[in-house]
Amino acid sequence: MPQGEILTTTRRDKLRAEAARQTESGRRFHLQVHDWAMENLAVRIKIGAYTPTEQDLIELEEWRKDKARRDAEAENAAE
């Protein structure tokens, strides 16, 4: 993609992404990408590269709670 080109999604792209999230592998992929984004946000805040909004902090805290719950469930399922 040339520099400066803006990537915009179409209605078809959005429908395709939503359909993918209906599958088990699509849900796992969506969750993994979301986890990466939130981890990246946490690091950027920690090193001072980003000043978070109040909404960012709320979403980050909710994600941390959800991630801890999912990790605990995975650990219990492995036992």
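Structure: see above.
None of the values given here were measured: they were computed from a predicted structure.

### Some words on the pattern of salt bridges
- Tallied over the entire structure, the rule returns 10 salt bridges.
- Between Arg16 and Asp13 there is a salt bridge; the shortest N-O distance is 3.7 Å. In this pair, Arg16 and Asp13 both sit in helix H1 (residues 11–20), three residues apart, roughly one turn of the helix.
- What makes Asp13 partly exposed here is its relative accessible area of 31%.
- When the shortest N-O distance is used, the salt bridge between Asp66 and Arg69 registers 2.4 Å. Of this pair, Asp66 and Arg69 both sit in helix H3 (residues 54–78), three residues apart, which is roughly one turn of the helix.
- Through salt bridges with shared partners, a single ionic network connects Asp35, Asp66, Lys67, Arg69, Arg70, Asp71 and Glu73.

### Some words on the side chain of Asp35
- Structurally, the position occupied by Asp35 is in helix H2 (residues 24–46).
- By relative accessible area, Asp35 is classed as buried at 5%.
- Here Arg70 takes part through its side chain, which lies 2.9 Å from a polar atom of the side chain of Asp35.
- Every residue in contact with Asp35, bar those within four places of it in the chain, is listed here: Trp63, Lys67 and Arg70.

Parameters and conventions
Residues numbered from 1 in each chain as written. Predicted model: local features only at pLDDT ≥ 70, side-chain atom pairs only at ≥ 80, totals over all residues. Heavy atoms only, no water. Salt bridge = Lys/Arg side-chain N within 4 Å of Asp/Glu carboxyl O. Helix = DSSP H or I, 4+ residues; strand = E, 2+ residues; numbered from the N terminus. Buried < 20%, exposed > 50% of the residue type's maximum accessible area, 1.4 Å probe, protein only. Polar contact = N/O pair within 3.5 Å; in protein donor to acceptor, adjacent residues only side chain to side chain. Contact = heavy atoms within 4.5 Å.

Without other data, these values stay purely geometric and don't point to any function.
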